[in-house]
Amino acid sequence: MNTVQLLQQDLGIARFVLQGTMADVTPEMANWKPAGQAHPIGSAYLHVLQGQDMAVHQMLQGGKPTIWQKDGWDKKTGATFGHPHTIEWARSVKVAPAQLQPYAKAVDAAVDAYIAGLTEQELNRKIPFFEMGEQTVCWLIQTTIVGHINNHTGEIAALKGMQGKKGYPF
C-alpha cells in the first residue's frame, strides 16, 4: 500500500462513520441548540463538508473557488459559508441534512479526484498552515480532512446522545 492508498482508505473509513452517524439525523435534531458553547449537529456537519471543500480547493490547490461558491450552495440551502466556524455562525445557521447530500457527494468526488492524482513529490510539498508553520500536503490531508471528519463525527455522536439517540451507527 502506498501513501495515496492509505489516505484513500483512511478517508473512506472516516466518511463511512460520518455518514452512518448522520443517517438518522432529522432537521430538528440537526438544529437543536445544546446548552453552553457546543455547536449544533447541523452546523458541525456543514462545517466538515465546507472544510474539505476549502482545504482541497483553496489551501491545497492555491485559491481555486470552492464548490460551495461555484455551484451556489448558499442559494440552494439557505445556509452560509461557515469559516471561520464561530459560535455565532454555528448557532444561527439552519441545516437540513438531506438537503446537503448532493453537496457532500460533490465534495467527496472533488477530494477523491485530488487525492488520486497526487504523486509522492506532491505529497511532500510544503504549504504554510497558519500558526503551525509549513506542513506537507500529506499532513494537511490527514489533519484538515481525515482528522477533521473524525473529530466532528465524535462531536455529532455525542450531541445525538444528548438528544436521547444512538450516536455512532455501530
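How each quantity is defined
Residues numbered from 1 in each chain as written. Predicted model: local features only at pLDDT ≥ 70, side-chain atom pairs only at ≥ 80, totals over all residues. Heavy atoms only, no water. Helix = DSSP H or I, 4+ residues; strand = E, 2+ residues; numbered from the N terminus. Rg over C-alpha atoms; globule rule 2.2 N^0.38 Å. Phe/Tyr/Trp six-rings, centres within 6.5 Å; stacked < 30°, edge-to-face > 60°. Buried < 20%, exposed > 50% of the residue type's maximum accessible area, 1.4 Å probe, protein only. Lys NZ or Arg CZ within 6 Å of the ring centre and 35° of its normal. 1 Å grid on protein atoms, 1.4 Å probe; cavity = no way out; pocket = protein on both sides within 12 Å on 5 of 7 lines; lining within 4 Å. Points joined across faces, edges and corners; volume = space filled by probe spheres on them. Nonpolar A, V, L, I, M, F, W, Y, C, P; charged D, E, K, R; others polar. Core = buried A, V, L, I, M, F, W, Y, C linked by side-chain atoms within 4.5 Å. Contact = heavy atoms within 4.5 Å.

(A) Representation of the overall build of the protein chain within the structure. Assigned secondary structure in the protein chain consists of 9 helices and 2 strands. Listing the helices and strands of the protein chain from first to last along the sequence gives α-α-α-α-α-α-α-α-β-β-α. Its C-alpha radius of gyration of 16 Å places the protein chain within 12% of the 15 Å reference for a compact globule of 170 residues. On the principal axes, the C-alpha backbone points of the protein chain span a range of 45 × 35 × 30 Å.

(B) Representation of the packing of aromatic side chains. If you walk through the whole model with that rule in mind, you get 6 aromatic pairs. Their ring planes at 75 degrees and their centres at 5.0 Å tell us that tryptophan 68 and tyrosine 103 sit as a pair that is edge-to-face. Pair noted here: tryptophan 68 is in helix α4 (residues 67-70) and tyrosine 103 is in helix α7 (residues 101-116), with a separation of 35 residues, a long-range link. Across the pair, tyrosine 103 and tryptophan 68 agree in class, each one buried. One aromatic cluster is present, built from ring pairs that chain together Trp68, Trp73, Phe81 and Tyr103. If you follow lysine 76 out to its NZ or CZ, it ends over the ring of tryptophan 73, 4.4 Å from the centre.

(C) Structural detail: the layout of surface pockets. Estimated volume of the largest pocket: approximately 300 Å³. Forming the boundary of the largest pocket are 14 residues, of which Met54, Met59, Phe129, Phe130 and Thr144 lie nearest the centre. A per-element tally of the lining of the largest pocket places helix α3 (residues 41-59) first, with 6 residues. Taken together, the residues of the lining of the largest pocket break down into 7 nonpolar, 7 polar and no charged.

(D) The nonpolar core, seen in detail. The biggest cluster of nonpolar side chains holds 46 residues, and the ones touching the most others in it are Tyr45, Leu46, Leu60, Tyr114, Ile115, Leu118 and Ile141. Put simply, the parts of the chain that give this core at least two residues each are α1 (3-22), α2 (27-31), α3, α4, α6 (87-92), α7 and α9 (137-162). Ignoring any residue separated from it by four or fewer positions in sequence, one finds tyrosine 45 in contact with Leu18, Gln19, Met22, Pro97, Leu100, Gln101, Ala104 and Ile156.

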